[in-house]
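# Chains, contacts and geometry: an overview
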Amino acid sequence: MTELLQYVANGLVSGGIYAIVAVGFITIYNVSKVINLAQGEFLMLGGMVTVALIGMNLPYGLAALLAILMVTLIGVLMQKYVIAYVKKANPISLIILTIGISTLIRGIASFIWGKDAFALEPITSNEPISIGGVMIAQQSIWILAAVLIILFLLWYLMDKTILGKKINACSVNPMAARLMGISPTKMSMLAFAISGATGAIAGIVIAPLSVTSYDVGVLLGIKGFSAAILGGLGNPLGAAVAAFLLGIVESLGAGYISSGMKDAIAFLVLIGMLLIKPSGIFGERSVGKGGL
Amino acid sequence: MMKQIIDKWGKSIGIYLFLMILFPFVMPDEYYRSVGIIIGLQAIVTIGLCLVMGLAGQISLGQAAFWGIGAYTSAVLTTKYGLPPFIGLIAAAIVPGLFAFILGRAIAGLQGYYLAMATLAFGYIVQIGITEWESVTGGANGMISIPQMTFFGGSELSMYFLIWGVVTCVLLFSLNLLNSRVGRAFRAIHKSEIAATSMGIDVRKFKLNAFVVSGMFAGISGGLYAHYMGILDPQPFGLHESIKFLTMVVIGGMTSIWGALIGTILIGFISEALVLLSEVVPGLQGDVDTIVFGAILVLIVMFMPEGLVPRIRAAFEKGQAKKAKAMAEEAQRKQQVERKAAT
């Protein structure tokens, strides 16, 4: 029993990270109908830049803050100079484009930092704490806290503020939004900024628990996307729930089947889901028409 | 069928054959021949990928996985079961073809991002599977002493011609496909699936066929790769290679088989140059080629979405038209002068 609970607890932590990635995908997708396949690279950059800045003797908090700002800026620049430029491109071109950007970011990261893996100091002590026999790293609690705060803030922004209503308006009907004086381009830029910032935060909080290196973004990106599909693309809440489920399934698979197959399990779930119900567990909208 | 192709692409095929045969003799160095062999192997994969991307309008980010399945199928059959490489190669085409069929059947209704992610995930599953199935594939350590092909003595030169012979077959097959009723159906699908469906084209079936053919091409190439290298490990069959294949097709021009071939040759030499560069320049760590591939993908989509070959062809045709026009004007002027002289 304790073993099972332990696996569930581990799964919740990784599921939380997938949830942030999934919500990042959806934020951008809803506004600009682009799936940003460079989403995972935002996480990688968040972790790596923080490690690099701490290496330059900056204090932890300042390094993390600068890293978040930097990744946010990268998201904005990406929207402004690349995505906005090819507005009318067909889906296949958009996929190639964001795959290109993610490859480029990964390549530059490996050029700057090499292929070594880096670890970040945990925010509080390394000592795990025990809850009813289940051992939880203190960093895991920080991760879950960060995930829940981010999800809450995003929900608040989208559902309770005027800005959120503007963003939603653009996702429902960009033309009508423009007529009301809302700039879809600006909202799209904002979406990229949000996904950059949340991605970077996620990247920073997981860096102490699992080491970070130039290529961690790919796996996190695909798993976040899997969660977004499982939950129903376009539905942030569904995606978050699906992400936690995915994390737990993966952790159980790693525990009871084979730890080497951990990642394969997540992908088999994805392909299985696409077979049975491509619109996701909770969604009915926008099936497979990505980018249109 | 052959006649039609020769009528349409005779000149290009002539130039291709001439350069292909000339290459190993003007590059007598074994090293360049081996580069030529690797590029040939990649061309077999990218021509198949071009059928999927350019013609059926779909994207596959897992082409290296089919390549890997082919390589391991032939390697395991010949090494563990002692079958001749020829039989291994046939299996190397069939097994990835089956995988493509099953995966394709499963995801034939998917488009765009969904298909991209499904193939990306498939690529990961295959690479993990190869690594984890240690008893058969040797896991991360890989396999050694895979039998070499004994084709006219098995020298580097004979391997070069064997592999480029296969490239030529694949190329002619694909050009024929492009020129046939099937090719027209593919192009219709690429332009508008709805219109194609309403014309009675079974879109799903065509996309599936393209996917299976591309998987088989990649598998054959993988089998040849295994027997050429003699050793295998899971490392070359991941996302990095799939993105390299993608870059090759995109830079040449997605909708053109010739584009895929020229893109492959171009990127093949660029990556080789980068390897040499990183040996000469100290401090060039990491995958410099990754930066180059990423940048090429982004720049092509932004500034030249149709790719190099269609762009060059358009420029060439424009030049020809200009020349023809100038000649016509010149002739007219001469005629006028003559007429004036006569009166």
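This structure is a prediction, so every number in the text was calculated from the model and none was measured.

## Looking at the overall build of chain A
The helix and strand tally for chain A stands at 11 helices and 2 strands. Its C-alpha atoms give chain A a radius of gyration of 19 Å, near enough to 19 Å, the size a compact globule of 292 residues would have. Projected onto its principal axes, the C-alpha coordinates of chain A cover approximately 60 × 50 × 35 Å. Counting only residues that meet the buried cut, chain A has 55% of its 292 residues in that class. Taking all contacts inside chain A whose residues are at least 6 apart in sequence as the whole, residues at least 24 apart take part in 75%. Positive and negative side-chain charges in chain A, numbering 16 and 10 respectively, have mean positions lying 22 Å apart.

## What about the overall build of chain B?
Along the backbone of chain B there are 14 helices and 0 strands. Along chain B, helices and strands appear, N-terminal first, in the series α-α-α-α-α-α-α-α-α-α-α-α-α-α. Here the C-alpha atoms of chain B give a radius of gyration of 23 Å, agreeing with the 20 Å that 2.2 N^0.38 yields for 343 residues. Projected onto its principal axes, the C-alpha coordinates of chain B cover approximately 95 × 55 × 45 Å. Taken across its 343 residues, chain B has 54% of its residues classed as buried. Of the contacts made within chain B by residues no fewer than 6 positions apart, 81% connect residues no fewer than 24 positions apart. Of the roughly 15,900 Å² of accessible surface on chain B, 67% is carried by carbon and sulfur atoms. Between the centroid of the 24 positive side chains of chain B and the centroid of its 19 negative side chains there is a distance of 17 Å.

## Remarks on a nonpolar patch on the surface
All names here are of chain B. A cluster of nonpolar side chains, contributed by Tyr81, Leu83, Phe86, Ile87, Ile90, Ile94 and Leu98, occupies part of the molecular surface with about 710 Å² of accessible area. Checked against the element boundaries, isoleucine 87 lands in helix H4 (residues 85–107). Residue class for isoleucine 87 comes out partly exposed when judged on its relative accessible area of 38%.

## Side note on the environment of valine 309 of chain B
Residue and element names in this part refer to chain B. Along the chain, the position of valine 309 falls in helix H14 (residues 308–342). Taking the relative accessible area as the measure of exposure, valine 309 reaches 10% and is therefore buried. Setting aside residues no more than four positions away along its own chain, valine 309 makes contact with Gly252, Ser256, Trp258, Gly259 and Ile262.

## Re the pattern of salt bridges
Residues and elements named next belong to chain B. Per the counting criterion, the structure on display carries 5 salt bridges over all chains. With a shortest N-O distance of 3.3 Å, arginine 33 and glutamate 30 are connected by a salt bridge. In this pair, arginine 33 and glutamate 30 are both assigned in helix H2 (residues 30–55), 3 residues apart and thus about one turn of the helix distant. Given the relative accessible area of 13%, arginine 33 is considered buried.

## Observations concerning the packing of helix H9 (residues 216–231) of chain A against helix H5 (residues 112–132) of chain B
Two quantities define a packed helix pair, namely the angle between the helix axes and the distance between the axes. Two elements in contact, H9 of chain A and H5 of chain B, have axes whose closest approach is 11 Å; the angle formed by their N-to-C orientations is 130 degrees. The orientation of H9 of chain A with respect to H5 of chain B, classified from their angle, is oblique. The hand of the H9 of chain A/H5 of chain B crossing is left-handed. Facing H9 of chain A, whose interface residues are Val218, Leu219, Gly221, Ile222, Phe225 and Ile229 of chain A, H5 of chain B presents Tyr113, Tyr114, Met117, Leu120 and Tyr124 of chain B.

## Section: a positive patch on the surface
Residue and element names in this part refer to chain B. A contiguous patch of positive charge, built from Lys8, Arg181, Arg184, Arg187, Lys191, Lys205 and Arg313, is present on the exposed surface. At 4 residues, helix H8 (residues 181–191) tops the list of elements feeding residues into the positive patch. The residue lysine 191 is located in helix H8 in this model.

Rules of the game
- Position labels on residues start from 1 in each chain and follow its written sequence.
- Whichever chain is written first is A, and whichever ligand is written first is 1; the rest continue in order.
- Where local features are concerned, this predicted model is filtered to residues with pLDDT of at least 70; where side-chain atom pairs are given and counted, the filter is 80 or more; whole-chain, interface and lining totals use all residues.
- Working from all heavy atoms in the structure, the side-chain values ignore hydrogens and water.
- The way it works is that DSSP assigns letters per residue, a run of H or I at least four long becomes a helix, a run of E at least two long becomes a strand, and they are numbered from the N terminus.
- As defined in this context, the radius of gyration uses C-alpha atoms, and a globule is described by 2.2 Å times the residue total to the power 0.38.
- Exposure classes here rest on a 1.4 Å probe applied to the protein chains alone. A residue is buried below 20% of its type maximum, exposed above 50%, and partly exposed in between.
- Only heavy atoms matter for contacts: two residues are in contact if any of them lie within 4.5 Å across the pair.
- The charge count treats Lys and Arg as positive and Asp and Glu as negative. His and the chain ends do not count.
- The atom standing in for a charge is NZ when the residue is Lys, CZ when it is Arg, CG when it is Asp and CD when it is Glu.
- Areas reported as accessible are Shrake-Rupley estimates using a 1.4 Å probe. Residue values count occlusion only from the protein chains shown.
- Patch criteria: residues need more than 30% relative accessible area and no salt bridge. Like-charged residues are merged within 9 Å; nonpolar side chains of Val, Leu, Ile, Met, Phe, Trp and Tyr are merged within 5 Å.
- By convention in these notes, a salt bridge is any Lys or Arg side-chain nitrogen within 4 Å of a carboxyl oxygen on Asp or Glu.
- For helices, the axis comes from a line fit to the C-alpha atoms of the stretch in contact; other axes are also lines fit to C-alpha atoms, and the angle between any two N-to-C directions lies between 0 and 180 degrees.
- In what follows, roughly perpendicular refers to angles from 65 to 115 degrees, roughly parallel to angles under 35, roughly antiparallel to angles over 145, and oblique to any angle outside these ranges.
- Less than a right angle of anticlockwise turn of the near helix away from the far helix marks a crossing as left-handed, whereas a clockwise turn marks it as right-handed.

In short, the description is geometric, and any link to function would need to be established separately.
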